[in-house]
Protein chains: 2
Amino acid sequence: MSVPRTGEEGPGKPGGPRKRGRPARTDADGGPGARERILAAARTEFAERGYDKASIRAMARGANVDPALVHHYFGPKEQIFAAAVEVALAPALEGPDAVLKGGPDTAGERMTRFFLGIWEAPDTREPLLAIVRSAVANETAAAVFRNLVTSRLMFRIAGELDVAEPELRAELAAAQLIGVVMLRYVIKVEPLASAGLEQLVAQVAPVVQRHLAGA
Amino acid sequence: MSVPRTGEEGPGKPGGPRKRGRPARTDADGGPGARERILAAARTEFAERGYDKASIRAMARGANVDPALVHHYFGPKEQIFAAAVEVALAPALEGPDAVLKGGPDTAGERMTRFFLGIWEAPDTREPLLAIVRSAVANETAAAVFRNLVTSRLMFRIAGELDVAEPELRAELAAAQLIGVVMLRYVIKVEPLASAGLEQLVAQVAPVVQRHLAGA
């Protein structure tokens with residue numbers, strides 16, 4: 001004999017955006033910490049389903065608020081994504097300061113260590129990877145990512161370079177590092193995926209330095 | 001008064017994989033050119049929906065064959081994807097020969113010109129971009145892409161290099177070029193996205209050469 005369904009769902013994934021059956025809070029502002037809860041739910045939803053398929057309703061469910069509140073706090077989907085990218089990029093946004101303090105002769109090594117360091121650590125790698133996946137798959141997500149990366153990372157580094165066409169040079173330096181990230185952490189090509197970090201720094205930092213210094 | 005539905009669909013997209021209502025051919029082997037039609041339909045389906053969501057049934061509809069024939073010719077989904085990657089990579093597979101014939105002093109420039117040339121031309125760029133999107137989004141697709149790229153491109157170039165750790169060096173050279181591709185053609189970061197090809201070659205080829213030559 002089969003057990004009849006009661007209409008109640010099992011516990012599911014605690015706090016996940018797919019949880020149903022719990023009424024949304026009816027406070028006009030979603031109650032204390034609503035903005036933070038929405039942002040956390042949005043990051044999970046974008047990471048799990050990508051930009052295209054991420055659902056505002058699922059974010060609202062995950063945050064236990066009315067869907068209208070998601071837009072009230074963040075505006076359209078594009079701007080919710082921008083807020084999620086800001087959070088994922090937060091560790092990287094300290095990069096320009098880390099790269100720029102210290103002499104220009106070692107800026108390439110500092111940029112290499114800082115950038116690869118963020119991707120070595122799973123805590124900082126996973127949120128970035130989720131954002132990169134959305135940006136590669138969707139033009140709108142790419143535009144949001146592009147605007148933040150150029151204004152907050154590339155152009156800040158370029159502003160301190162004493163070379164012709166500093167923006168292009170900062171981007172070519174970043175391109176070397178982004179390519180290493182793609183092959184090492186995303187596509188996982190060997191032997192690059194298993195190479196020691198110090199060996200990589202030894203081979204990549206001079207190239208990054210060359211781009212930054214205009215050799 | 002609303003017009004009753006007749007059960008017949010409109011013309012839809014001609015030849016697209018979503019076309020319904022046309023009976024699949026019942027020839028046991030799908031008729032002449034069935035393998036080629038299936039492969040073309042599979043490439044369209046992977047490009048439009050990505051590896052995860054690509055449907056074998058849609059490929060069969062697009063090729064006007066029975067779904068079982070798709071597996072008969074290509075095996076499981078992973079192997080259909082491998083066949084699609086082979087087609088998309090075909091222009092790039094001439095790269096190692098182009099890079100390796102000619103002196104070692106200019107291998108970096110030849111590799112840079114060849115690789116960026118493939119991405120400059122929309123005819124060769126779009127199929128590659130579709131494959132890269134699937135590989136970034138899905139681990140199985142990444143594994144297929146990785147195996148082909150390493151065995152057919154990286155290791156062939158590495159086999160001709162007269163340096164220590166040639167595979168790692170070939171991959172670091174490729175990483176510089178892949179990073180340029182990501183920033184220029186996928187994320188479209190300025191000024192890199194609009195920079196002239198010759199200017200890029202002038203700044204990138206020496207770095208690729210440095211990796212390949214072990215400087």
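Here is what the cut-offs are and how they apply
Just so you know, the residues in each chain are numbered from 1, in the order the chain's sequence is written. For this description, chains carry letters from A and ligands carry numbers from 1, given in the order in which they are written. Residue-level local features of this predicted model are given only where pLDDT is at least 70; pairs of side-chain atoms are given and counted only at 80 or more, and the full residue set underlies all totals for whole chains, interfaces and linings. Only hydrogens and water are removed before side-chain values are computed, so all heavy atoms of the structure are retained for them. Counting from the N terminus, the helices are DSSP H or I runs at least four residues long and the strands are E runs at least two residues long. Categorising residues by exposure relies on relative accessible area from a 1.4 Å probe, with only protein chains included: less than 20% of the type maximum marks a residue as buried, more than 50% marks it as exposed, and the intermediate range marks it as partly exposed. Note on contacts: a residue pair qualifies if any of its non-hydrogen atoms lie within 4.5 Å across the two residues. Note on areas: these come from Shrake-Rupley sampling with a 1.4 Å probe, and a residue is covered only by the protein chains present in the view. Nonpolar cores were defined as sets of buried Ala, Val, Leu, Ile, Met, Phe, Trp, Tyr and Cys residues, with membership established by side-chain atoms within 4.5 Å. The term buried area refers to how much accessible surface (probe radius 1.4 Å) is lost by two components on association, counted for both of them together. Just to be clear on terms, a salt bridge is a Lys or Arg side-chain nitrogen sitting within 4 Å of an Asp or Glu carboxyl oxygen. Under the rule applied, a polar contact is a pair of N or O atoms within 3.5 Å (in protein, one hydrogen donor and one hydrogen acceptor; residues adjacent in sequence only if both atoms are side-chain atoms). For the domain bounds, the source is a domain assignment made automatically or taken from a database. Under the scheme applied here, ten amino acids are nonpolar (Ala, Val, Leu, Ile, Met, Phe, Trp, Tyr, Cys and Pro), four are charged (Asp, Glu, Lys and Arg), and all others, including Gly, are polar. pLDDT expresses how confident the predictor is about each individual residue, on a scale running from 0 to 100. To superpose the copies, least squares is applied to the C-alpha atoms of every residue with a pLDDT of at least 70 in both.

Caption draft 1: Spotlight on the overall build of chain A. Scanning chain A for helices and strands turns up 10 helices and zero strands. The helix and strand sequence of chain A, counted from the amino end, reads α-α-α-α-α-α-α-α-α-α. Residue burial in chain A is summarised as follows: out of 215 residues, 49% are buried. At a minimum sequence separation of 6, the contacts of chain A that also span at least 24 residues come to 67%. Total accessible area computed for chain A in this model is approximately 10,300 Å², and 54% of it derives from carbon and sulfur atoms.

Caption draft 2: Just the nonpolar core, in detail. The biggest cluster of nonpolar side chains holds 138 residues, and the ones touching the most others in it are Phe46 and Met111 of chain A together with Phe46 and Met111 of chain B. For this core, the leading source of residues is helix 9 (residues 166-186) of chain A, giving 14 residues. Excluding residues that lie within four positions of it along the chain, Phe46 of chain B makes contacts with Tyr51, Ala54, Met59, Lys77, Ile80, Phe81, Ala84 and Ser134 of chain B.

Caption draft 3: Representation of the interface of chain A and chain B. In this complex, chain A contributes 41 residues to the contact, which on the side of chain B involves 41 residues. Counting the surface lost from both chain A and chain B, the interface buries some 3,700 Å², and carbon and sulfur atoms represent 66% of this. Where chain A touches chain B, the interface holds two salt bridges. Where chain A meets chain B, there are 12 residue pairs in polar contact (both at pLDDT 80 or more). Of all the elements in the fold, those that place two or more residues in the side of chain A that touches chain B are helix 7 (122-137), helix 8 (139-158), helix 9 and helix 10 (197-213) of chain A. Take the side of chain A that touches chain B: its biggest share by element is 14 residues, from helix 9 of chain A.

Caption draft 4: Spatial organisation of the environment of Thr112 of chain B. Residues and elements named next belong to chain B. By the element assignment, Thr112 lies in helix 6 (residues 107-120). Using a relative accessible area of 0% as the deciding quantity, one classes Thr112 as buried. In this structure Thr112 touches Leu177, Val201, Val204, Ala205 and Val208, once residues within four positions along its chain are discounted.

Caption draft 5: Here's a closer look at the domain arrangement of chain A. Residue and element names in this part refer to chain A. The domain architecture assigned to chain A consists of domain 1 (14-75) and domain 2 (85-213). At the junction of the two partners, domain 1 supplies seven residues and domain 2 supplies nine residues. Both faces considered, domain 1 and domain 2 share a buried interface measuring about 570 Å² in area, 61% of it formed by carbon and sulfur atoms. Considering only the surface of domain 1 that becomes buried against domain 2, Arg43, Tyr51 and Asp52 emerge as the three largest contributors, covering 74% of it. For the pair domain 1 and domain 2, the number of links is zero salt bridges. Seen at the junction of domain 1 and domain 2, the total is two residue pairs in polar contact (both at pLDDT 80 or more). Split into classes, the residues belonging to the side of domain 1 that touches domain 2 amount to four nonpolar, one polar and two charged.

Caption draft 6: Region of the structure containing the confidence of the model for chain A. The predicted model of chain A has a mean per-residue pLDDT of 84, with 87% of residues at 70 or higher. When mean pLDDT is taken per element in chain A, helix 2 (residues 56-63) of chain A scores highest with 95 and helix 5 (residues 95-100) of chain A scores lowest with 79.

Caption draft 7: Quick peek at the relation of the copies chain A and chain B. For these two chains of identical sequence, chain A goes onto chain B by a turn of 180° and a shift of 0.0 Å along the axis, with RMSD 0.0 Å. In the structure described here, the two chain copies are related by an operation that fits a two-fold rotation axis. Same-surface contact between copies: 100% of interface residues of chain A are shared with the interface of chain B.

Caption draft 8: Representation of the pattern of salt bridges in the model. All names here are of chain A. Using the criterion set out here, one finds 16 salt bridges over all chains in the structure. Between Arg113 and Glu198 there is a salt bridge, with the nearest N and O atoms lying 2.9 Å from each other. Taken together, the residues Arg113 in helix 6 (residues 107-120) and Glu198 in helix 10 connect sequence positions 85 residues apart. Take Arg113: its relative accessible area is 35%, and that puts it in the partly exposed class. Given the relative accessible area of 49%, Glu198 is considered partly exposed. A cluster of three or more residues bridged by salt bridges with shared partners is formed by Glu109, Arg113 and Glu198.

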